[in-house]
Amino acid sequence: MSTPQALGGADDEELLGQARAGRAQSFEVVYRRHYPVVLAFLTKRVAEPELAADLLAETFAALFVLVRDPRRPLPESPVAWLLLTARHLLIDSYRRGQVESAARRRLAMRPVILEDADLVRIGEISEETSLVEELASQLPPEQVQALCARVLDERDYPTIASELRCSEAVVRKRVSRALRTLRRNALEANNHV
Amino acid sequence: MSDFFDRLIDEIVHSAPAPSSHATLTPVVAGMRRVRFTRPRPGRRLLVGVALLCLPGTLGGLALAGTFGGQRISPQQWVDGQRVQPEVAVTSAQSAHLGILRRPRVASDALLPADAFSVTHTPMAANGVNPSLSRRVEGFASGAAWVIPGNGMVCLMASNAQGLAMVSERLPPGSAMPRRIARVPGANGAAGCATDSNASKGWSAGTGGTSESPGMIFTAGIVPDGVSSVTVRLASGGSLSLPVHENIYMAEIHGWPSSVSFTGPTGIVTIGNGPDVLAHHARSAASRQAVTAASVASPVSVAKRSERVPVGLHNTKLETMLIVSFRARAPVTSGSSEYRVLMSCGADTIGGAVTSGVRPGQLVHHASPVGNCRGTLHATVLYTHGGHPNGGAVANHRRGQTLTVGTRAITIR
């Protein structure tokens, strides 16, 4: 049987394909590869580390639900799928007033204890992980810059344009292209469960 | 030892293949009976801040009253802009006798945003209360209670089911911050802080009553490890036993709980619950003679304070709070009296009450968010006494006597 370490060299899509075929270790590789960046994304947007952990759990549970459903195509870019799914879950949670748990219910998952040390670790991972570097592996630099400023940091277009020393129209175009690329990669970002 | 991330992936990949399952399991983070999503939105926080302060006979007043003993800085220092360093971790002095503070913190232990706002944006913050250390008490079928460590202090916030519903109320998406939220009939609770030492020995957070449930008194307190029940002695005679869950007793009972007893590690301990207010009520005619407008009158000051509050996802902005301060000439020791702080805001009024634990001569502070109020606001402080203790003074203005302590205007631009 392959260990997660032995699978470390495979790409994400290949790993998810293996996971769909029943190899749980492959899913674990994807999880370990990307949970820090998803966590970093979430911890910058919620006040409590416990909620970030809860959203993280739901995000990966949603990916696992997708992987186990043979009728649904696998995401071409899992990290983009995860970030956009996390973002959708975050927004849904704001609207609903509580964290979505549909994927975990579908998986009949049991609760996982959050120890004090875990909360510390969440903070450490958040500090150590660069979301920008992760996105930079998928997008041109100017698009990463614009996307981070607008979508992830939620700054307004005039501010971004001023910082990047370009027009608002250019910023809008870069953000649009980046989102389109991520959407294309993410396939079913809106249908995460 | 595996960490959360190891346990999470283990749980995901070993979960049952239940694509069409309707199993109703709890969320993945342990103990999440109900996750309150703490989006740092100032409107909501300010809203609930008002709500707390407006809870008659319950959280707001007691929370404020609980800030006047043993804190590292005084409430006046807090009002003056000084800040006490919040406790960064549960100390051994706090956890030695309180098992609830020794167990791991889980997501469901998080304070409701209302309460988190209250403990950090009112003079209660003088206790160095740290919401991120809170523990929600497990075991009560109704209502909710949180134990929150502070700087040398242990605080308790407890409420009945209606009180919990009230502070849990949410704004519709995109709505602006109202100045106050609708009161839930019967909302009741108790809150306050004790020194680590007192909390470890056993301490009552006080009592509360409402007009909707006359005769019913809410009481709550902290007891040390090993105590499974407390005995409440009623002022009317007789007693009853209340269960203890995770160091906390909490109940709404019929009649005035004059004292609470339990057998602790050092023997039988009896906690006073304030003077016997039924006896106090019997003396109220005489006391009413003694209390006059002149005897309660006191200069009222209103200070504006800018508090930095979260906005959106990760920004903050300055929000204006009004701190109404006055020197109490008459005491508030039971549900038969209270100080009420009213602030005109156009045709509306905002404010709240201080309903417990005020000594004569004590400097009292009351914090209210300004919200959308602009122009000249008139603050009025009223003192009501001589009401029937069952139901609190708030409900008994008709029978009690209400006197004006003082007024003060302030302009908000």
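Please refer to the structure placed before this passage.
A few points on the structure. Source: prediction; values computed, not measured.

1. Section: helix H2 (residues 24–43) of chain A
Residue and element names in this part refer to chain A.
Phase 1 of the analysis: Helix length check: H2 (20 residues) gives 27 Å between terminal C-alpha atoms against 28 Å at 1.5 Å per residue, within 8%.
Phase 2 of the analysis: For H2, the principal kink sits at His 34 and spans about 45°; a proline, Pro 36, occurs within the next four residues.
Phase 3 of the analysis: In terms of burial, H2 is largely enclosed, as 16 of its 20 residues are buried.

2. Quick notes on the sheet that holds strand S4 (residues 189–195) of chain B
Residue and element names in this part refer to chain B.
Phase 1 of the analysis: What the four strands build is an open sheet, ordered S1-S2-S3-S4; its pairing is antiparallel. Strands at the two margins of the open sheet, each flanked by one partner only, are strand S1 (135–136) and S4.
Phase 2 of the analysis: With seven bridges connecting them, strand S3 (residues 153–159) and S4 associate as antiparallel partners. Its bridge partner lying in S4, Met 153 is registered against Thr 195.

3. Let's talk about the packing of helix H3 (residues 49–67) of chain A against helix H1 (residues 4–13) of chain B
Phase 1 of the analysis: At a minimum axis distance of 10 Å, the contact between H3 of chain A and H1 of chain B shows a crossing angle of 30°. Taken together, the axes of H3 of chain A and H1 of chain B are roughly parallel relative to one another. Regarding H3 of chain A and H1 of chain B, the two cross each other, and that crossing is right-handed. Of the residues in H1 of chain B, those in contact with Ala 53, Ala 57, Phe 60, Ala 61 and Phe 64 of chain A of H3 of chain A are Phe 4, Leu 8 and Ile 12 of chain B.
Phase 2 of the analysis: Here the contact of H3 of chain A with H1 of chain B is built from residues that sort into eight nonpolar, no polar and no charged.

4. Concerning the environment of Glu 87 of chain B
Residues and elements named next belong to chain B.
Phase 1 of the analysis: Residue placement: Glu 87 occurs in the loop between helix H4 (75–79) and helix H5 (92–95).
Phase 2 of the analysis: In this structure the C-alpha to C-alpha distance between Glu 87 and Gly 152, which are 65 residues apart in sequence, comes to 7.8 Å.
Phase 3 of the analysis: Sequence-distant contacts of Glu 87, that is, excluding residues within four places in its chain, are made with Gly 128, Asn 130, Leu 133, Pro 149, Gly 150 and Asn 151.

5. Considerations on the nonpolar core
Phase 1 of the analysis: Ranked by size, the top nonpolar core spans 112 residues in total, and within it Ala 145 and Leu 156 of chain B carry the most contacts.
Phase 2 of the analysis: Residue contributions to this core peak at 14 residues, all from H3 of chain A.
Phase 3 of the analysis: Non-local contacts of Leu 156 of chain B, meaning those with residues more than four positions away in its chain, are made with Ala 145, Val 147, Ala 191, Gly 192, Ala 205, Ala 220, Ile 222 and Ile 248 of chain B.

6. Some details on unusual backbone geometry
All names here are of chain B.
Phase 1 of the analysis: Positioned with a positive phi, Glu 246 is a non-glycine residue whose angle comes to about 45°.
Phase 2 of the analysis: Within the fold, Glu 246 resides in the loop between strand S8 (239–245) and strand S9 (248–254).
Phase 3 of the analysis: In this model, Asn 247 sits at a positive phi of 75°, which is unusual for a non-glycine residue.
Phase 4 of the analysis: Examined against the element boundaries, Asn 247 turns out to sit in the loop between S8 and S9.

Cut-offs applied
Residues numbered from 1 in each chain as written. Chains lettered and ligands numbered in written order. Predicted model: local features only at pLDDT ≥ 70, side-chain atom pairs only at ≥ 80, totals over all residues. Helix = DSSP H or I, 4+ residues; strand = E, 2+ residues; numbered from the N terminus. Expected span 1.5 Å × (residues − 1). Bend = angle between axes of the 7 residues up to and from the residue. Buried ≥ 20, exposed ≤ 12 C-beta atoms within 10 Å, placed from the backbone. Pairing = 2+ DSSP bridges. Axes fitted to C-alpha atoms, helices over the stretch in contact; angles between N-to-C directions. Parallel < 35°, antiparallel > 145°, perpendicular 65-115°, else oblique. Left-handed = near helix turned anticlockwise from the far one by under 90°. Contact = placed C-beta atoms within 7 Å. Nonpolar A, V, L, I, M, F, W, Y, C, P; charged D, E, K, R; others polar. Core = buried A, V, L, I, M, F, W, Y, C linked by C-beta atoms within 7 Å.

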